[in-house]
Amino acid sequence: MKYILVTGGVISGVGKGVIASSFGTLLNACGIAVTSIKIDPYINIDAGTFSPYEHGEVFVLDDGGEVDLDLGNYERFLDVVLHKDNNITTGKMFKTVIDRERVGDYLGKTVQVVPHITDAIQEWVERVAKTPVKENVTPEVCIIELGGTIGDIEGMPFVEAFRQFQFRVKKENFCVAHVSLVPLPRATGEPKTKPTQASVRELRGLGLSPDMIVCRSENPIGNEVKDKISNFCHVSVDQVICIHDLSSIYHVPLLMEQAGVIDILNERLQLNLPTPRPPDFMQSWRDLAERVENVYKKVNIALVGKYTRLEDAYASVSKALLHASIAVGYKLNLKFIDSSHLERETKLESPHLYYEAWHSLTNSHGVIVPGGFGSRGLEGKIRACQWARENNKPMLGICLGLQAAVIEFARNVLSMEGAHTTEVNNETEYPLVIDMPEHHTGVYGGTMRLGKRTTIFRGNSKIRQLYGNKPQIEERHRHRYEVNPKFVEQLQGHGMRFVGTDSEKERMEVMELDNHPYYVATQFHPEYLSRPLKPSPPFLGLILASVGKLQAYLNNGQKVLQQQRNPHQVLASESSSDDDLNLIRDHTRQLSLSNGTDSSTIGKAKSVASDDEVLLTTASIKQSSPSKMNGTAVHENGTD
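Quick look at the structure, then. Since we're looking at a predicted model, the values are computed, not measured.

On to the overall build of the protein. When its secondary structure is counted, the protein shows 25 helices and 21 strands. Counting over 640 residues, the protein shows a buried share of 59%. Nonlocal contacts in the protein, meaning residues at least 24 apart in sequence, comprise 74% of its contacts between residues at least 6 apart. Just so you have it, the protein exposes about 26,200 Å², and 49% of that area is on carbon and sulfur atoms.

A separate point is the packing of aromatic side chains. What the rule picks out here adds up to 13 aromatic pairs. Look at Phe59 and Tyr528: their rings are 5.0 Å apart centre to centre, the planes differ by 70 degrees, and that puts the pair in the edge-to-face class. Of this pair, Phe59 sits in strand E3 (residues 59-60) while Tyr528 is found in the loop between strand E21 (519-522) and helix H19 (537-546), placing the two residues 469 residues apart along the sequence. Residue Phe59 is classed as buried on the basis of its relative accessible area, which comes to 0%. Residue classification places Tyr528 among the buried positions, given a relative accessible area of 3%. Through pairs of rings, three or more aromatic residues link up here, namely Tyr3, Phe162, Phe165 and Phe174. Against the face of Phe281 rests Arg277, its NZ or CZ located 5.6 Å from the ring centre.

Strands belonging to one sheet form pairs held by backbone hydrogen bonds; the direction of such a pair is parallel or antiparallel. If you trace the three strands from one edge of the open sheet to the other, you get E14-E15-E18, paired in mixed fashion. The sheet is open, and its two borders are formed by strand E14 (420-421) and strand E18 (481-483), each paired with just one other strand. Against the sheet, helix H16 (residues 400-412) engages E14, strand E15 (431-435) and E18, with an angle of about 150 degrees to E15.

The next point concerns the nonpolar core. Generally speaking, a soluble globular protein has its nonpolar side chains buried in company with each other. Membership of the largest hydrophobic core comes to 51 residues, with the highest contact counts inside it found for Ile4, Phe23, Met212 and Leu265. For this core, the element with the highest residue contribution is helix H1 (residues 16-29), accounting for six residues. Residues in contact with Ile4, not counting those within four places in the same chain, are Phe23, Leu27, Val141, Cys142, Ile143, Ile144, Cys175, Leu265 and Leu269.

Conventions used here
- Residues numbered from 1 in each chain as written.
- Predicted model: local features only at pLDDT ≥ 70, side-chain atom pairs only at ≥ 80, totals over all residues.
- Heavy atoms only, no water.
- Helix = DSSP H or I, 4+ residues; strand = E, 2+ residues; numbered from the N terminus.
- Buried < 20%, exposed > 50% of the residue type's maximum accessible area, 1.4 Å probe, protein only.
- Contact = heavy atoms within 4.5 Å.
- Areas by Shrake-Rupley, 256 points an atom, 1.4 Å probe, with all protein chains shown as cover.
- Phe/Tyr/Trp six-rings, centres within 6.5 Å; stacked < 30°, edge-to-face > 60°.
- Lys NZ or Arg CZ within 6 Å of the ring centre and 35° of its normal.
- Pairing = 2+ DSSP bridges.
- Axes fitted to C-alpha atoms, helices over the stretch in contact; angles between N-to-C directions.
- Core = buried A, V, L, I, M, F, W, Y, C linked by side-chain atoms within 4.5 Å.

Here it is in structure tokens:
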């Protein structure tokens, strides 16, 4: 087994996850089976109780593990299925050692960080590295990302563990890649290497010598800077890899391949890779990166969420929308809308935020309402669902988005005034959404309905066709509340069909509205299984409906997307499509109104907003594209 340890310097969030994923992508392309481990040196057992503002989204695995969002990067880049043990935390390691101490495994010895914690870390890594993550093939290389930065006090036990580990597995089986920031201060106008030098010096002082230094920078770094880093950091110039900010993360593996990363790994880890590599090496990634760059038509998607101040809170949703947009041949223009800004209270307190939010919503081609917890912003999500339903705007709801759509439908179609979820109002006369008793134990961590579950389709539906007319599917879940079965018959009687249930046919998993272009919601989280070359069906349906191609896709299947395989053919063939040209004309007309008002847009806004709101919304549409909004941070309970 070969091991690649990826460490970080200068600042956190420098891009270690994408760099680590790119290492795996390159090795995968060479025919080497790869697995990944992410180490998070916090004391939490897992990421399940984090607020999205604290650490970005919580990524859920097949086995129900609630883990760091970087494991989502690994799964998407490598197309593997990881397990909860692929995410190591300080809390997990200390709990493991303490549990062993309680049952007498250490025979009365004094339990210490060294050797007991460090030994436990090494044993964990060796065990997990051998666990298959794709088609029961034992991995040959394990890529380990150490979270945080070198020098963090909480990361010290892990650094010491790997100092020992390099001798345990022998030099030819272990290498270190150090990812460091090379800043470019405006005052000097030149990149500065001192932070990288200091970071590498500290890493070497702790007993780990980098075999490769990956320099992250805003702009490309010249050879002069590489020479300086080489001289002061005890590596050759070839081992200094420069990755500047790119238009797409799909370019990162390609840039690393051009920089000779494969040759460095081949020599350092004695991988015995064949040379030269075939002409079509990494061709699928090249095509993907080129396709992203060469689409020019935009599809505007409004994401109505609670945590829009930090875009990483919706990392998997954003990636799933991007995958679907690429497949359809459109450039994703994603607008993040704080759901609380759509509420009437915001109109009184901050009118500019209110009308800015409605401006973004009414100029979207499609709407997505993702998951969340707590009461804040829920009414805004409900209003977004109402607007999409009444104006035939394509909408995809996920988890809480499904629940918001059901509550809205009950209130405004079934006349159930005050219909709500018991999460917010436990005394409501119409509890459309209720908690699941077996998942409401009073303990927040790891007690939700988690992981991959089976969904059974019933009857015909658009969403079932998007899944290839399969009788059942498996998707990942993360929720503590569900649609109340007592109201299902009434909802279905008015056109809100529940076309997918759990295997016991008790829980509502998929909803689809009759007589609507695309109004779909799922209790599961389809974004977790989306891949760059295999977009998630519900997201694909949203993008197709948003550009007017859903029905053609349902009629002809992959033929509609076949031309997207060659980016140059895409530009030639799609530019002549009448429905595409009409879509562009309509969108241009909305954004460039100079006289009068656009009646269709006013009609869309009027269904939810009052008359004075219509006038102001129309006025805002006459302006240029909406600016990005910054919501007010509200830290809710640990599950939010």
